[in-house]
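Residues per chain, in single letters:
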Amino acid sequence: MMASSFRNNAILTDRLLRNWIRCKRKAWLDLHGDETKRLWSAHRTLQLDHQQKSFAALITQQPGSGKKALQEGYLGVVGVRLKGITTKGFAVEAHPPLLQKIKGRSRWGEFAFRPVLARQGKKITREIRLSLALTALLLEKEQGAYVNNSLVISQTSKGLEKTQISIREALKEQLQNSLSQLHNTLNQSNCPPLTSNRKKCALCSWRGLCNAEALAKGHLSEVSGIGGHRREMLKAIGINNLYELAETNHHFLKKILQSNGEQQSDVAFQLIAQAKVQAKQIIEKIKQESIFPELSNSDGVFVYDIESDPDIHEDFLHGFVKIYREEKNSQELNKTIYHPILTLYEHGEAIAWKRIKAIINKYASWPILHYGETEALSLCRMAARQGESSETIKILKERLIDVHDRLRKHWRLPINSYSLKTVATWIGFNWRQVGSDGPHALLWWRQWKGLGKNQRGNSENIKRIFKYNQDDCLATWEITKWLLKKD
Ligand code: SF4
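Residues numbered from 1 in each chain as written. Predicted model: local features only at pLDDT ≥ 70, side-chain atom pairs only at ≥ 80, totals over all residues. Heavy atoms only, no water.

Novice: Report on the overall build of the chain, specifying residues and quantitative values.
Specialist: Counting its regular elements, the chain contains 18 helices and 16 strands. Along the first, second and third principal axes, the C-alpha atoms of the chain reach 85 × 60 × 40 Å. Among the 487 residues that make up the chain, the fraction classed as buried is 48%. Pairs at least 24 apart in sequence give 65% of the contacts found in the chain among residues at least 6 apart. With the model as given, the accessible surface of the chain reaches about 25,200 Å², and the carbon-plus-sulfur share is 50%. Each charge class in the chain was averaged separately, 74 positive and 49 negative side chains, and the resulting centres sit 4 Å apart. (Helix = DSSP H or I, 4+ residues; strand = E, 2+ residues; numbered from the N terminus. Buried < 20%, exposed > 50% of the residue type's maximum accessible area, 1.4 Å probe, protein only. Contact = heavy atoms within 4.5 Å. Areas by Shrake-Rupley, 256 points an atom, 1.4 Å probe, with all protein chains shown as cover. Lys, Arg positive; Asp, Glu negative; His and termini not counted. Charge placed at Lys NZ, Arg CZ, Asp CG, Glu CD.)

As structure tokens, then:
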């Protein structure tokens, strides 16, 4: 892909720098890409929401806005755009989310400022460090005083976590090198290749464009099981795409993988077999035994799906769809009833567990289907926390059936991922709320949760979460039915 309207010597902004660290192609597309191809993601809104909560916990006074607020010495200042030229002559710009007043001496008086960033995950990444260093570089000129340290914060369930980051010479040097490389990337006329770690793509606004290119070119990352490391290894031995992998001899590949430290002995065979079904667009049965023997005599099943807030390790919604025969003599399980159970902080987990038990114990012989290992782990851990005996937990475990695990053991499908979304969409299931996904559900939850039981947000959001969670359960059931038909 070539840039349609090429902008040479672009200003190197903190945003471009952050995106370049994530993926060089992303920074290039941000500058030269077709804006109409961008897709919205709830992830950015979640980040901003977390940032706002973290900043509010750090600076309790209303922050000032713009450069005048710096001069007036507000405790926190937002809305400042800092500009400058680096020693190598690059035009740079930063839009710091927050500047915090600290002790010191600046051109405005007996105080100075330092940059503050909110982090979402646990790690203080290179992206955070270099963003802080760029802001520090520009802030020094603005305030006429050195910026020797900065602050990274995160509001968690345990309170506000703070980490000071020193702006040392080594970090400044890294910044200058990265800015030079960013400049080179932005000034190349061709779009950089797809990132080798395509996990990052799920949250990127350019994912539609890049996924289409990966599919069209048979990019190796399209083969389920190939991450960045394996892809580089395959490319090093001349296997450049999915079609070439599909034609590779597995004994040859096994030797190469083993000499590169691969532990699993059948991985070469698995990768080639997966590439083959994708290249030929066929399905392949791996195991002949019945896929769900537990369902053959059952009067009904539960399908179970959890919605979680990973940042605070909270499973806030346990959704069960009860599926049974509408007519006693009907061959099919066709009637569905949805039971959403919220775990609200003010009620505590014990109440949620009591409600879950009441539902699943009413039909104690019914299997509980779920997609992926998370649900089984979370439910059994919850049972243990609530004091259930090891015998009860053993019985619960026996009822839980991981549809994803059974699918992987019995079938190969011509798809690039075996996630619930990909598999269910491939067999023709549609989520009722277009564009909804896990981050979206989390955003609705946080917006509804508000500040507690007396300050809830829009009730429409909780209805949207229930609908999304119910659809996840129904998608799991559609996959199960498809597998049963193929059995
Ligand atoms: S979708 Fe992936 S490859 Fe494309 S720009 Fe984003 S992170 Fe990079």
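On we go.
Novice: Break down the site of the ligand for me, with residues and values.
Specialist: Taken together, the residues surrounding the ligand are Cys23, Arg25, Lys26, Leu194, Thr195, Cys201, Cys204, Trp206, Arg207 and Cys210. Where the shell around the ligand is concerned, the elements lending two or more residues are α2 (24-32) and α7 (207-217). For the shell around the ligand, the per-class residue count stands at 6 nonpolar, 1 polar and 3 charged. (Near = heavy atom within 4 Å. Nonpolar A, V, L, I, M, F, W, Y, C, P; charged D, E, K, R; others polar.)

Novice: Quick rundown of the side chain of Arg207? Include the residues and the values.
Specialist: Position of Arg207 among the secondary structure elements: in helix α7. Here Trp40 takes part through its backbone oxygen, which lies 2.9 Å from a polar atom of the side chain of Arg207. Polar side-chain contacts of Arg207 include one of 2.8 Å to the backbone oxygen of Cys204. If near-sequence neighbours (up to four positions away) are discounted, Arg207 is found in contact with Leu39, Trp40, Ser41, Cys201 and Ala202. (Polar contact = N/O pair within 3.5 Å; in protein donor to acceptor, adjacent residues only side chain to side chain.)

Novice: With reference to specific residues and values, describe the sheet that holds strand β3 (residues 76-78).
Specialist: Within the open sheet, the 6 strands sit side by side as β2-β3-β6-β7-β8-β9. Their pairing is mixed. Every interior strand has two partners, whereas the edge strands, β2 (64-65) and β9 (159-166), have only one. Where strand β6 (residues 98-102) lies against strand β7 (residues 112-118), 5 bridges are found, and the strand directions are antiparallel. In the sheet register, Ile102 faces β7, and the bridge partner there is Ala112. Sitting on the sheet, helix α3 (residues 42-58) is in contact with β6, β7, β8 (149-156) and β9, with an inclination near 110 degrees to β8. (Pairing = 2+ DSSP bridges. Axes fitted to C-alpha atoms, helices over the stretch in contact; angles between N-to-C directions.)

Novice: So what's going on with the environment of Ser265? Residues and values would help.
Specialist: With respect to the secondary-structure elements, Ser265 resides in the loop between α10 (250-259) and α11 (267-280). Once the C-alpha coordinates of Ser265 and Lys255 are considered, the two residues, 10 residues apart in sequence, prove to be 9.6 Å apart. Setting aside residues no more than four positions away along its own chain, Ser265 makes contact with Lys254 and Gln258.

Novice: Before we move on, could you go through the sheet that holds strand β1 (residues 12-13) and cite the residues and values that matter?
Specialist: Taken in spatial order, the 3 strands make up an open sheet running β1-β5-β4, and their pairing is mixed. Only two strands of the sheet have a single partner each, and these edge strands are β1 and β4 (82-85). Here β4 pairs with strand β5 (residues 91-94) via 4 bridges, running antiparallel. Within β5, the residue paired with Lys83 across the bridge is Glu93. Contacting β1, β4 and β5, helix α5 (residues 126-143) crosses the sheet at an angle of about 90 degrees to β4.

Novice: Give me the domain arrangement of the chain: which residues, what numbers.
Specialist: One can read the domain layout of the chain as domain 1 (12-186), domain 2 (218-282) and domain 3 (297-486). A C-alpha centroid distance of 41 Å is found between domain 1 and domain 2. (Domains from an automatic or database assignment.)

Novice: Describe the nonpolar core, naming the residues involved and giving the relevant values.
Specialist: Counting 45 residues, the largest nonpolar core has Trp445 and Leu483 as its most contacted members. When residues in this core are grouped by element, the largest group, 10 residues, is from helix α18 (residues 459-486). Not counting residues up to four positions away in its chain, the partners in contact with Leu483 are Ile291, Phe292, Val403, Leu407 and Trp411. With 38 residues, the next largest nonpolar core counts Ile128, Leu132, Val147 and Val152 among its residues. (Core = buried A, V, L, I, M, F, W, Y, C linked by side-chain atoms within 4.5 Å.)

Novice: Help me get a handle on the packing of helix α12 (residues 349-362) against helix α13 (residues 374-385), residues and values and all.
Specialist: Each packed pair of helices is defined by two parameters, the angle between the axes and the distance between the axes. Between α12 and α13, the least distance of the axes is 10 Å, while the angle of their chain directions is 115 degrees. Put simply, α12 runs roughly perpendicular to α13. Considering only the axes of α12 and α13, their crossing is left-handed. Each of Glu349, Ala352, Trp353 and Ile356 in α12 lies in contact with α13, whose residues at this interface are Leu379, Met382, Ala383 and Arg385. Among the residues making up the contact of α12 with α13, the classes are represented as 6 nonpolar, no polar and 2 charged. (Parallel < 35°, antiparallel > 145°, perpendicular 65-115°, else oblique. Left-handed = near helix turned anticlockwise from the far one by under 90°.)

Novice: Hey, could you go over the pattern of salt bridges for me, with residue numbers and the actual values?
Specialist: The full count for this structure, using the stated rule, is 28 salt bridges. The partner of Asp49 in a salt bridge is Lys53, and the shortest N-O contact between them spans 2.9 Å. You can see Asp49 and its partner Lys53 sitting in helix α3, 4 residues apart, about one turn around the helix. A salt bridge links Glu169 to Lys172; the nearest nitrogen and oxygen atoms lie 3.6 Å apart. Highlighted residues: Glu169 and Lys172, both in helix α6 (residues 169-186), separated by 3 residues, approximately one helical turn. (Salt bridge = Lys/Arg side-chain N within 4 Å of Asp/Glu carboxyl O.)

Novice: Before we move on, could you go through the environment of Phe292 and cite the residues and values that matter?
Specialist: Its place among the elements puts Phe292 in the loop between β10 (284-285) and β11 (300-309). Sequence separation between Phe292 and Glu142 is 150 residues; the distance between their C-alpha atoms is 67 Å. Ignoring any residue separated from it by four or fewer positions in sequence, one finds Phe292 in contact with Ile401, Val403, Arg406, Thr480, Leu483, Leu484 and Asp487.

Novice: Quick rundown of unusual backbone geometry? Include the residues and the values.
Specialist: In this structure, Gln281 is a non-glycine residue whose phi angle is positive, near 55 degrees. For Gln281, the location among the structural elements is in the loop between α11 and β10. The exposed category is assigned to Gln281, whose relative accessible area is 55%.

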